[in-house]
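Descriptive structure summary
The lines below spell out each chain.
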Amino acid sequence: GQSLEQPSEVTAVEGAIVQINCTYQTSGFYGLSWYQQHDGGAPTFLSYNALDGLEETGRFSSFLSRSDSYGYLLLQELQMKDSASYFCASPLRGGGNKLTFGTGTQLKVEL
Amino acid sequence: DAMVIQNPRYQVTQFGKPVTLSCSQTLNHNVMYWYQQKSSQAPKLLFHYYDKDFNNEADTPDNFQSRRPNTSFCFLDIRSPGLGDAAMYLCATSRAGGPEEQYFGPGTRLTVT
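Scope of this entry: the structure provided in the associated data block. From a predicted model like this one, the values you see are computed outputs, not experimental measurements.

Brief notes about the packing of aromatic side chains
Counted under the stated rule, the structure contains 15 aromatic pairs over all chains. Considering the side-chain rings of Tyr35 of chain A and Phe45 of chain A, the 5.7 Å spacing of their centres and the 70 degrees angle between planes classify their relative orientation as edge-to-face. With Tyr35 of chain A in strand S4 (residues 32–37) and Phe45 of chain A in strand S5 (residues 44–49), this residue pair connects regions lying 10 residues apart in the sequence. Look at Tyr35 of chain A and you get buried, because its relative accessible area is 0%. Relative to Tyr35 of chain B, the ring of Phe101 of chain A lies with its centre 5.7 Å away and its plane at 85 degrees, an arrangement referred to as edge-to-face. In this pair, Phe101 of chain A is assigned in strand S10 (residues 99–101) and Tyr35 of chain B in strand S4 (residues 31–37), connecting two distinct chains. The burial state of Phe101 of chain A is the same as that of Tyr35 of chain B; both residues are buried. Among the aromatic side chains, those forming a connected cluster through ring pairs are Tyr35, Phe45, Phe87 and Phe101 of chain A together with Tyr33, Tyr35 and Phe104 of chain B.

Pasting the structure below:
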C-alpha cells in the first residue's frame, strides 16, 4: 500500500515563509507531486520531484529526500491568495497512470 | 483556452434519479480520470481510462459507471444517487506515463435532494 501524511492545517502571516511537510510510506516510490486547491476550485499542479533535492519555481519550492521518505513544499513571500489546500501526491509504482494523494494541508494566510 | 471542461458546474438531482456528468478535453491526453471529493478531503479516484481501456478502483460502488466514447469526452453516470453521493466530481487528464502532472477541470458540484 501507499500512504502520504500531511499536517491538517498551517497558519502563517502575509510575507512570511511556510513549509508544508509530506511523509510517505510506500512499497515503491517514483516521485512526489504538489497540488494547490482553492476553496470551491480544482486542484492545480505546482511541481514534481523525481529526484532528491530542491526544485524552485518562483515563490514556490519543493524538496524531496528519498532516504527520509519525506518531502516539503516551501512557500515564500506569502500572499493572501496563497490561502488554499495543498496536497502532495505520488504516482503508484506498478499502478499504471494513477496518483495517490496525501491527506492535504489547509494553509491560512493572515494579515 | 479552457483545457478540461466539465458540465454542468452545478447539478441538483433527486434521490435515486440517474444523473450524468460530462467532461471534455482539448489536450489530446490519453488518460482521463474521475475523482470524487468531499469537503476537507483529498480527491478519491473512482476510475480512469487509458485510451479506451477502463480501470475501475476496487472500492468504487457499482452505482458509478463511466463511458469514454472518444479521446475528447468522458462521462460519469450515477445510476441511483444517494445522499452520500453529494460531492464535487472532478475530471482530470494526463499524458500516458505522466500521472504526476494532471490537469483538472473545474468540477461539478452534485447535490442530492
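Text resumes after the structure shown.
Observations concerning the interface of chain A and chain B
At the interface, 16 residues of chain A touch 24 residues of chain B. For the pair chain A and chain B, the summed buried surface comes to about 1500 Å²; carbon and sulfur atoms form 60% of the total. Considering only the surface of chain A that becomes buried against chain B, Asn97, Lys98 and Phe101 of chain A emerge as the three largest contributors, covering 38% of it. The interface formed by chain A and chain B contains 1 salt bridge. Put simply, Lys98 of chain A and Glu57 of chain B hold a salt bridge, and the shortest N to O gap is 2.9 Å.

Some words on the sheet that holds strand S8 (residues 73–78) of chain B
All names here are of chain B. The sheet built from 4 strands is open, its strands ordered S1-S3-S8-S7 with antiparallel pairing. A strand with exactly one partner marks an edge of an open sheet, and here the two such strands are strand S1 (4–7) and strand S7 (64–67). With direction set aside, neighbouring strand axes in the sheet form an average angle of 20 degrees. Pairing geometry for S7 and S8, over 4 bridges, is antiparallel. Looking at the pairing, Arg67 lines up with Phe75 of S8.

The rules we used
- Residues numbered from 1 in each chain as written.
- Chains lettered and ligands numbered in written order.
- Predicted model: local features only at pLDDT ≥ 70, side-chain atom pairs only at ≥ 80, totals over all residues.
- Heavy atoms only, no water.
- Phe/Tyr/Trp six-rings, centres within 6.5 Å; stacked < 30°, edge-to-face > 60°.
- Helix = DSSP H or I, 4+ residues; strand = E, 2+ residues; numbered from the N terminus.
- Buried < 20%, exposed > 50% of the residue type's maximum accessible area, 1.4 Å probe, protein only.
- Contact = heavy atoms within 4.5 Å.
- Buried area = accessible area lost by both parts, 1.4 Å probe.
- Salt bridge = Lys/Arg side-chain N within 4 Å of Asp/Glu carboxyl O.
- Pairing = 2+ DSSP bridges.
- Axes fitted to C-alpha atoms, helices over the stretch in contact; angles between N-to-C directions.

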